[in-house]
Amino acid sequence: MLVSLRLIESTLETRLRHLMHAAQTRKPHGSPRLHAAFIDFRQANDSIPRCALWEHLQRNCMPTCLFIQNLYDADEYVLVDGTKQSRVRPTHGVKRGCPLSPLLFSLYINDVDCIARDVRGAVTGIADVNATHMLYADDLSLTANEPGQLQMMLDRLSAYALRK
């Protein structure tokens, strides 16, 4: 069984210590090593194409037509440069400071689990339970006991990010 761990930040260190201890104790494939990669999605909130966000939410049967999309359709900024003013209607990103923005980003990447399909991940203290990744806001940690398995997830993550 593979486990996706969605964490609160303060427990990330605890989870990683557990995975390191499990690797040292159980020695999967004869090695006591834990391999991990830490990814911080750069400018995550600014990079989401809004039309792709709405399509993704509809594909996942989430009601975008109610009010969320309307909040963004009327979005407009005025840029002032000296005496010049220009109106801008952004097509990318979720609103900064909006309480919905972290939720919208999380929903946009809710299918990131696909990078861990058929990957063994890191052993845990429970037999037949492995952890492949941990997600907190716009941070992602990938874990495996074999470097090849971690590299496979990194390659898939690269392809996933290009699709998004």
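Residues numbered from 1 in each chain as written. Predicted model: local features only at pLDDT ≥ 70, side-chain atom pairs only at ≥ 80, totals over all residues. Heavy atoms only, no water.

Caption draft 1: Local environment of the layout of surface pockets. In this model, the largest pocket occupies a volume close to 340 Å³. The wall of the largest pocket is formed by 15 residues, among which Phe41, Arg42, Ser47, Ala161 and Lys164 lie closest to the centre. Considering every element that reaches the lining of the largest pocket, the biggest residue donor is helix α6 (residues 147-163), with 3 residues. Its residues assigned to classes, the lining of the largest pocket comprises 11 nonpolar, 1 polar and 3 charged. (1 Å grid on protein atoms, 1.4 Å probe; cavity = no way out; pocket = protein on both sides within 12 Å on 5 of 7 lines; lining within 4 Å. Points joined across faces, edges and corners; volume = space filled by probe spheres on them. Helix = DSSP H or I, 4+ residues; strand = E, 2+ residues; numbered from the N terminus. Nonpolar A, V, L, I, M, F, W, Y, C, P; charged D, E, K, R; others polar.)

Caption draft 2: Examining the nonpolar core more closely. Of all hydrophobic cores here, the largest spans 28 residues; its most connected members are Phe41, Leu53, Leu140, Leu142 and Leu157. At the level of elements, β2 (35-40), α3 (50-59), α4 (68-73), α5 (101-108), β7 (139-144) and α6 are the ones that each hand at least two residues to this core. Beyond its immediate stretch of four places on either side in the chain, Phe41 contacts Phe105, Ile109, Asp138, Leu140 and Leu157. Leu16, Leu19, Ala122 and Ala131 belong to the second largest nonpolar core, which has 5 residues in total. (Core = buried A, V, L, I, M, F, W, Y, C linked by side-chain atoms within 4.5 Å. Buried < 20%, exposed > 50% of the residue type's maximum accessible area, 1.4 Å probe, protein only. Contact = heavy atoms within 4.5 Å.)

Caption draft 3: Spatial organisation of α5. Inspection of α5 places Ser101, Leu104, Phe105 and Tyr108 among the buried residues, and these make up the whole buried set. When α5 is viewed along its axis, its buried side chains cluster within an angular range of 100 degrees and face the same direction. For α5, the secondary structure elements touched by its buried residues are α2 (44-47), α3, α4 and α6. (Arc of directions from axis to C-beta.)

Caption draft 4: Examining the pairing of strand β3 (residues 77-81) more closely. Sheet analysis places β3 next to strand β4 (residues 84-88), joined by 5 bridges and oriented antiparallel. When the sheet's bridge partners are listed, Val80 is paired in β4 with Gln85. Taken together, β3 and the strand that follows it, β4, pair antiparallel across an intervening segment of 2 residues, in which Gly82 is found at a positive phi of about 65 degrees. (Pairing = 2+ DSSP bridges.)

Caption draft 5: Broad picture of the pattern of salt bridges. Within the structure shown, the criterion is met by 2 salt bridges. Arg17 is paired through a salt bridge with Glu13; the nearest N and O atoms lie 2.6 Å apart. Note that Arg17 and Glu13 are positioned in helix α1 (residues 12-26) at a spacing of 4 residues, about one turn of the helix. Given a relative accessible area of 47%, Glu13 falls into the partly exposed group. Linking Arg120 and Glu146 is a salt bridge whose minimum nitrogen-to-oxygen distance equals 2.6 Å. Taken together, the residues span a long stretch of sequence, with Arg120 in the loop between α5 and β5 (122-123) and Glu146 in the loop between β7 and α6 at a distance of 26 residues. We classify Arg120 as partly exposed; its relative accessible area is 38%. A residue is classified by how much of its surface remains accessible, and Glu146, at 22% relative accessible area, is partly exposed. (Salt bridge = Lys/Arg side-chain N within 4 Å of Asp/Glu carboxyl O.)

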